[in-house]
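Observations on the model geometry
The residues making up each chain are set out below.
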Amino acid sequence: MTTVIMRTTARVVVPIILVVAASLFVEGHNLPGGGFIGGVLAATAFVVIYLAFDLDFLERGVLGREVEPGGPPSRDRVVLAYRRLFEYGLAIAVVSALVPMALGYPFLSQTFWVFEGVPIYHHVEIASALAFDFGVMCVVLGGLLTILSVVGDE
């Protein structure tokens, strides 16, 4: 059982961690950051949630799922979701790396698109490397959360 102070701190700190993780992820093609560090930081947010609320909080509190009688334990379903995140991330990273080859460009080639007149930002550049970074972030997040869930269950 954790304290009220830990739970309150987690409610304040976790959104901040996730915003910084998203910022690092998006800035990765122009500045230091990217999918790896964004995934590690997002996994840190989940660690704080696990420390404050327990491993089953995501399943019950966030997703609203209850354990079905005779069904798999909720922890098994959460670990399965993390493994799927890992697998989908790996597929996204591999596909985004191979698409340029299918179009006649070298492996892992990238380009970018410029969007003008975007509210607040006015000028936004989106790089094709964002797809690869997203895959890497899913792999890192899925892998770390699977490890944390399995080890935390022991």
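These remarks concern the structure in this document. The shown structure was predicted, so the numbers you read here are calculated from the model rather than taken from an experiment.

**Some thoughts on the overall build of the protein chain**
Looking only at helices and strands, the protein chain features 5 helices and 2 strands. Secondary structure of the protein chain in N-to-C order comes out as α-α-α-α-β-β-α. By the burial criterion, 31% of the 154 residues in the protein chain qualify as buried. Taking as baseline every contact in the protein chain between residues at least 6 positions apart, the subset at least 24 positions apart corresponds to 59%. Working note: accessible area of the protein chain is about 9,800 Å², and carbon and sulfur atoms make up 71% of it.

**Let's talk about the side chain of Ser149**
By the element assignment, Ser149 lies in helix α5 (residues 129–153). A polar contact of 2.8 Å, which involves the side chain of Ser149, links it to the backbone oxygen of Leu145.

**Focus on the environment of Ala93**
Relative to the elements of secondary structure, Ala93 occurs in helix α4 (residues 74–102). Along the backbone, Ala93 and Cys138 are 45 residues apart, and their C-alpha atoms lie at a distance of 9.1 Å.

**Topic: the layout of surface pockets**
In this structure, the largest pocket occupies an estimated 290 Å³ of space. Pro100, Ser109, Gln110, Thr111 and Ser128 are, among the 14 residues lining the largest pocket, the residues nearest its centre. Secondary structure elements with two or more residues in the lining of the largest pocket: α4 and α5. Its residues placed into classes, the lining of the largest pocket shows 9 nonpolar, 5 polar and no charged.

**Observations regarding the environment of Thr3**
Residue placement: Thr3 occurs in the segment before α1 (4–26). As for Thr3 and Ala52, which are separated by 49 residues in sequence, their C-alpha atoms are 7.8 Å apart.

**Quick look at unusual backbone geometry**
Even without a glycine there, the phi angle at Leu108 is positive, about 65 degrees. Under the relative-accessibility criterion, Leu108 is labelled partly exposed at 42%.

The rules behind the values
- Residues numbered from 1 in each chain as written.
- Predicted model: local features only at pLDDT ≥ 70, side-chain atom pairs only at ≥ 80, totals over all residues.
- Heavy atoms only, no water.
- Helix = DSSP H or I, 4+ residues; strand = E, 2+ residues; numbered from the N terminus.
- Buried < 20%, exposed > 50% of the residue type's maximum accessible area, 1.4 Å probe, protein only.
- Contact = heavy atoms within 4.5 Å.
- Areas by Shrake-Rupley, 256 points an atom, 1.4 Å probe, with all protein chains shown as cover.
- Polar contact = N/O pair within 3.5 Å; in protein donor to acceptor, adjacent residues only side chain to side chain.
- 1 Å grid on protein atoms, 1.4 Å probe; cavity = no way out; pocket = protein on both sides within 12 Å on 5 of 7 lines; lining within 4 Å.
- Points joined across faces, edges and corners; volume = space filled by probe spheres on them.
- Nonpolar A, V, L, I, M, F, W, Y, C, P; charged D, E, K, R; others polar.

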